[in-house]
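Here are the chains, one letter per residue:
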Amino acid sequence: MRDYQLAQINILRFRREKDDPANSDFMKALDPVNALADEAPGFIWRLVGDGNDAIDIDPVPDDPRLAVNMSVWEDVQSLGNFVYKNSEHLAIMRRRKEWAEHIAVYQALWWVPAGHIPSVKEGLDKIESLKEHGATAEAFTFRKPFDAPDGTPATPVLDECA
C-alpha cells in the first residue's frame, strides 16, 4: 500500500433548485455512475449523504444550489481513467452546461495520507487554494498534477485521454 492517496473534490452550482425537473437526467444518472465509480480500479472512498450520493449535503449553507462530490483514489491515473475514459461518466460531464452555472475553478486534486478521509471544508479550502495560487503541491489539476509527498509520480492523464 502507498503512503499517500489522491483526494478530489468537484462542485457544481445548479442553474435551478436541485430538485427542479430540469435536473432530472442528472439526478437519474447519480446512482448508476456512482456504482461504476465504486467498482472502478483504484477507487477507495466517496462522500455520501443520506442517500447513495452527496446531493443532499449543502457544502455552503447560504448556497442551496451548490452540490459537492468528493472521493479518494489510489492515484491520479486511476481517477483520470474513471473521469475521462468511462463512457457513462463522460456522457454526464458533456452535459454539465445544461444543469450547471459556469464556475472557473470547480475541481481540485491533492494528496492525503493513506486512510485519511477528507472533510468537505478541506476540499473547499483546496479549491480556494487553487483559485488563489494556481496549481501547487497543495492543490492541483489533471492538467498539472504534482507527485505525492513520498515521491510516487503523478502521471499526467489528460495527454493520453485527449
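Residues numbered from 1 in each chain as written. Predicted model: local features only at pLDDT ≥ 70, side-chain atom pairs only at ≥ 80, totals over all residues. Heavy atoms only, no water.

**Observations concerning the packing of aromatic side chains**
Which entries qualify depends on this criterion: Any two rings among Phe, Tyr and Trp, with Trp reduced to its six-membered ring, count as a pair given centres within 6.5 Å; such a pair is stacked if its planes are under 30 degrees apart, edge-to-face if over 60, and tilted if neither.
Tallied over the entire structure, the rule returns seven aromatic pairs. Pairing F140 with F146 gives two aromatic rings, centres 5.9 Å apart and planes at 45°, and the pair type is tilted. Members of the aromatic cluster, connected to one another through ring pairs, are F14, F26 and W99.

**Here we look at helix α1 (residues 24–39)**
Spelled out, the test is: A run of DSSP states H or I qualifies as a helix once it reaches four residues; a run of E qualifies as a strand once it reaches two. Both are numbered from the N-terminal end. Expected span, for any helix, means 1.5 Å times one less than how many residues it has. The bend at a residue is defined as the angle formed between two axes, one fitted to the seven residues ending at that residue and one fitted to the seven starting there. Think of it in three bands: residues with accessible area under 20% of the maximum for their type are buried, residues over 50% are exposed, and the middle band is partly exposed, with areas taken using a 1.4 Å probe on protein chains only.
The first and last C-alpha atoms of α1 sit 24 Å apart over 16 residues, in line with the 22 Å expected at 1.5 Å per residue. By the largest-angle criterion, L30 marks the main kink of α1, which is about 35°, and a proline, P32, follows within four residues. All of the buried residues along α1 are F26, A29, L30, V33, N34 and A37.

**What to know about the sheet that holds strand β1 (residues 4–13)**
What counts here: Only strands joined by at least two bridges in the DSSP assignment are considered to pair. The axes are straight lines fitted to the C-alpha atoms, using for helices just the contacting stretch, and the angles between their N-to-C directions are given from 0 to 180°. Here a residue-residue contact requires only that any non-hydrogen atoms of the pair lie within 4.5 Å.
Pairing is antiparallel in the open sheet, where four strands are placed in the order β2-β3-β1-β4. Edge positions in the open sheet fall to β2 (43–46) and β4 (107–113), since each of these has one partner strand only. Across this sheet, the average inter-strand angle for adjacent strands is 25°, counted without regard to direction. Here β1 pairs with strand β3 (residues 66–73) via eight bridges, running antiparallel. Looking at β3, one finds that R13 is bridged to L66. Contacting β1, β2 and β3, α1 crosses the sheet at an angle of about 140° to β2.

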